[in-house]
Amino acid sequence: MMAGRGRPRTFDRAAALRDAMTVFWEHGYEGAAMADLTGAMGINSPSLYAAFGSKEELFREAVALYEQTEGAAAMAALATGPTARAAIAGALHANAVAYTEPDNPRGCMIVLAATTYTERSEQVRDHLAGLRRGMERLFQDRVDRGIADGDVPAGVDAAGVAAFYNAVMEGMSVQARDGASRAALIAVAKRADAAWDVVTAAG
């Protein structure tokens, strides 16, 4: 039997996407040049466009992959913690670990990848801002559930509690990028947890 015509399928789209995610995570959307992306992915520009459509579409897929993989531990902690306090503390601890994995860029891709932007990347900035607001809403939902379950005092400003802990989490990401150690970030997470009673005081 004759071999099929055409070049062999050697392109691993999933691996290329993972490599692109790392470049965007390290350099940000604006800072990631096409040469950086194609070099890391092992393809040329036409192949990148054929596989992913555009730099922005590639970035959006990379962000989704980041959420599914690097963000999974924090999301699991938030979903499975028996109380609102335990769930949020678990998410902060998981991120302290994730932000300092030695083989990855430091910090959170969603926090850091589009803090600067141009007119051409406003949609990217807005996309990431929406994801960050979404994380804050998940914190708020967990606090609301805690109120319903009775492990958070009635009358608590759930939105305010969520904003506080989301700000802590985003600050940890910036500190990680600046070189903070895992131990230092875990200590921040522990102090944020220790402040729970004050933060959730009704009023």
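Residues numbered from 1 in each chain as written. Predicted model: local features only at pLDDT ≥ 70, side-chain atom pairs only at ≥ 80, totals over all residues. Heavy atoms only, no water.

> Explain the packing of aromatic side chains to me, please; I cannot follow it from the model alone.
In this description, an aromatic ring pair is defined by two values, namely the gap between the centres and the angle between the planes. Enumeration over the complete set of coordinates arrives at six aromatic pairs. Summarising the aromatic geometry, the rings of Tyr-29 and Phe-59 are spaced 5.1 Å apart at their centres and angled 70° between planes, so their arrangement reads as edge-to-face. Remark: Phe-59 occurs in helix 4 (residues 55-69) and Tyr-29 occurs in helix 1 (residues 13-31); sequence separation between them is 30 residues. What makes Tyr-29 buried here is its relative accessible area of 8%. With relative accessibility at 0%, the residue Phe-59 sits in the buried group. Relative to Trp-196, the ring of Tyr-165 lies with its centre 5.6 Å away and its plane at 40°, an arrangement referred to as tilted. One end of the pair, Tyr-165, is in helix 9 (residues 158-177); the other, Trp-196, is in helix 11 (residues 196-199), with 31 residues separating them in the sequence. Neither residue differs from the other here; Tyr-165 and Trp-196 are each classed as buried. What links up through ring pairs into an aromatic cluster is the set Phe-24, Tyr-29 and Phe-59. Lys-55 extends its terminal NZ or CZ atom over the ring of Tyr-29, reaching a point 4.6 Å from the ring centre. (Phe/Tyr/Trp six-rings, centres within 6.5 Å; stacked < 30°, edge-to-face > 60°. Helix = DSSP H or I, 4+ residues; strand = E, 2+ residues; numbered from the N terminus. Buried < 20%, exposed > 50% of the residue type's maximum accessible area, 1.4 Å probe, protein only. Lys NZ or Arg CZ within 6 Å of the ring centre and 35° of its normal.)

> Where do I start with the packing of helix 8 (residues 122-149) against helix 9 in this structure?
Two measures define how a pair of helices packs: the angle their axes make with one another and the distance between the axes. Between helix 8 and helix 9, the shortest axis-to-axis distance is 8 Å and the interhelical angle comes to 135°. Considered as vectors, helix 8 and helix 9 are oriented oblique to each other. The element helix 8 and its partner helix 9 pack so that their crossing is right-handed. Note on element contacts: helix 9 touches helix 8 through Ala-158, Ala-159, Val-161, Ala-162, Ala-163, Tyr-165, Asn-166, Met-169 and Glu-170, opposite Arg-132, Met-135, Glu-136, Phe-139, Gln-140, Val-143, Asp-144 and Ile-147. Broken down by class, the residue content of the contact of helix 8 with helix 9 amounts to 11 nonpolar, two polar and four charged. (Axes fitted to C-alpha atoms, helices over the stretch in contact; angles between N-to-C directions. Parallel < 35°, antiparallel > 145°, perpendicular 65-115°, else oblique. Left-handed = near helix turned anticlockwise from the far one by under 90°. Contact = heavy atoms within 4.5 Å. Nonpolar A, V, L, I, M, F, W, Y, C, P; charged D, E, K, R; others polar.)

> What am I meant to see in the confidence of the model for the protein here?
Should the pLDDT be low somewhere, the predicted coordinates at that spot are not to be read in detail. Put simply, the protein has an average pLDDT of 92, and 92% of its residues get 70 or more. For the stretch residues 1-8, pLDDT sits under 50, and the model shows zero contacts to residues farther than four places along the chain or on other chains. (pLDDT = per-residue confidence, 0-100.)

> Help me understand the environment of Gln-123, please; the structure alone is not making it clear to me.
Locating Gln-123 in the fold gives a position in helix 8. Relative accessible area serves as the criterion here: at 52%, Gln-123 is assigned to the exposed category. Through-space distance from the C-alpha of Gln-123 to that of Glu-56 is 8.8 Å; in sequence the pair is 67 residues apart. Filtering out sequence-adjacent residues up to four positions away, Gln-123 remains in contact with Glu-56 and Arg-60.

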